[in-house]
Amino acid sequence: MLLIIGPFVALFYIYVAYMVIKKVVKNKSIGKKIIISSIMAVVFYLIPFGDHHLGKMYFNDLCESDGGVKVYKSIELPSKYFDKNNMLKAYKKIRTFNELNVLHRYVGSSELTPRYMKNYKIGLIYKKIIELLEEKGSLVKSDNIFHSYPHCWRCKNPVIFRATPQWFISVDNGGLRKKLLEEIKKTEWFPPEGSRRIGAMVASRPDWCISRQRYWGVPIPVFYCEKCGKPLLDAKIIRKLAALARVEGSDILLKEKLPVELVCPCGGRQFRRENDILDVWFDSGASHRILAERAGHAFPADVYLEGSDQHRGWFQTSLILSTASYGRAPYRGVITHGFVVDGAGQKMSKSQGNVITPQEIIGQSGADVLRIWTAGQDYSGDMKISGEILKSCVDNYRKIRNTFRFLLGNLRGWSGANAVPFSEMTALDKWILVEMEEMKKAAKASYEKYDFAGAFHTIFDFMNLRLSSLYLDVIKDRLYTMGENRKARRSSQTALWQLLKNLAVLLSPVISHTAEEVWMTVN
């Protein structure tokens, strides 16, 4: 009878183990290995043969070691923690154990507690754990396996996962999320795709964790009562601390004895301070308040300008804090731009040798060539730069500069007293001034939308196609051959003056140094 029932009982326990471990382990490749080893352990421990078991129950777990390699360890669980008549209850208990608690509770070492282990560096903790397990005879085997694991993009070290109490800003409390989405729609976004992008992020974002476990930064002004353990959150006390911090700096919050009397509702008078600091994004997100108070900047700002990655950073944190505090966004408009890449669209890197610095471009071609490249790009995406691209910018600059030289050279001897009224000008001169006014409207409209590429190309196309290739070529004869005071020649000079004045102003945001040089020459 036992031989008949035994396999079915074993299969049932294997299924239970599989379902539980499947929920606990997220990584599928590692999960399969753990499931197989854990099922084997369940089989050998749970299949009864009279009053005996074939083996002991081991709980397999993973932890991090130096260099990102994982230690694969098995921890013996004493039988007193198992209820053979209620295995599901036992598995629920196992599922709630975190790594250190498993070790402390089931190995029975007083050294395996968070309070004791905090004295060790992260890389040494696991070595100590393995040593203690070996001393207790509770370690079956430890080995290193290689697998994918999250690493910090900046320092390249493995990420350490911690379970610690944190402070949050709830984005759903008081309808804040709904208000944020409304403010996004009211804001002008350049390019318009930015509205959809940040809107989707805000709609699905979790609560904002504003606490960080670091030694430097702005302390969170929260104090815990030693008697009841509850945090003291009192707006009056926080305002008083803020006033003191303005005078003496934020280090005042780190003093052992605060210059403020604290009393808990439970009657306790002994407090310990919060050691966490505020998220640095909280600092930058509050910049609108600081600028308005200390520098006299207008609130809300006309425009915020940053890279496209700030939809989840500065733009969003500023929006949350401002909307929560004042009920509106801290900006009327937001401009986002892409990032500079090489001619092949690859990220610039010193190791790849594809970096082009602004100093190199300015040294070789001048600052205005770099400004022409910048103004001519569609900054809504990543912007390519290379020697060939800069060469075309140099050619464009030379065409613009030569056009200005022609205008200045042919205005010699002319003054406002010689100006010809528009109604008496030649048809060709009237035509070019009408074309100029149309170009001005289009360029100004592009500038107002922060479409610098559209504005620059509109102006450059007018100078290249209308002026150099057509109008200036036609009027050369009258400028060079007619008498100085002939009306037709004065008519063209009047048109040249209007062209020079307007083009210098329109191009001054782009080639500011050249525009200033033109204006000084005129004066």
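The structure contained in this document is the topic of the report that follows. (Residues numbered from 1 in each chain as written. Predicted model: local features only at pLDDT ≥ 70, side-chain atom pairs only at ≥ 80, totals over all residues. Heavy atoms only, no water.)

## Section: empty space enclosed by the protein
Vacant regions in the atomic arrangement are exposed by a probe of water-molecule size rolled over the atoms. By the definition in use, this model includes two cavities of 30 Å³ or more. Approximately 40 Å³ is the volume found for the second largest cavity. Every residue along the wall of the second largest cavity is listed here: Pro219, Ile220, Pro221, Val222, Phe223, Leu253, Leu254, Arg273 and Glu274. Split into classes, the residues belonging to the lining of the second largest cavity amount to seven nonpolar, no polar and two charged. (1 Å grid on protein atoms, 1.4 Å probe; cavity = no way out; pocket = protein on both sides within 12 Å on 5 of 7 lines; lining within 4 Å. Points joined across faces, edges and corners; volume = space filled by probe spheres on them. Nonpolar A, V, L, I, M, F, W, Y, C, P; charged D, E, K, R; others polar.)

## Side note on the pattern of salt bridges
Summed over all chains, the structure comprises 11 salt bridges. Of the charged contacts in the structure, one is a salt bridge between Asp172 and Arg177, with a shortest N-O distance of 2.7 Å. Take Asp172: its relative accessible area is 47%, and that puts it in the partly exposed class. One salt-bridge network, held together by shared partners, links Lys179, Glu183 and Lys186. (Salt bridge = Lys/Arg side-chain N within 4 Å of Asp/Glu carboxyl O. Buried < 20%, exposed > 50% of the residue type's maximum accessible area, 1.4 Å probe, protein only.)

## With respect to the layout of surface pockets
Counted as a void, the second largest pocket has a volume near 1,600 Å³. Together, 38 residues line the second largest pocket, and Pro221, Ile238, Ala242, Leu278 and Phe282 are the ones closest to its centre. Ranked by the residues each element gives to the lining of the second largest pocket, the list is headed by helix H9 (residues 235-248), at seven residues. Of the residues contributing to the lining of the second largest pocket, the split by class is 25 nonpolar, six polar and seven charged. (Helix = DSSP H or I, 4+ residues; strand = E, 2+ residues; numbered from the N terminus.)

## Let's talk about unusual backbone geometry
Here the amide bond leading from Phe190 into Pro191 is cis, since omega sits at -5°, within 30 degrees of zero. Cis geometry marks the peptide bond from Phe299 to Pro300; its omega dihedral reads 0°. Note on placement: Pro300 falls in the loop between helix H11 (287-294) and strand E14 (301-307). Despite not being glycine, Lys156 has its phi angle at roughly 70°, a positive value. If you check the backbone angles, Tyr450 has positive phi at about 60° while not being a glycine. The class for Tyr450 is partly exposed, based on a relative accessible area of 24%.

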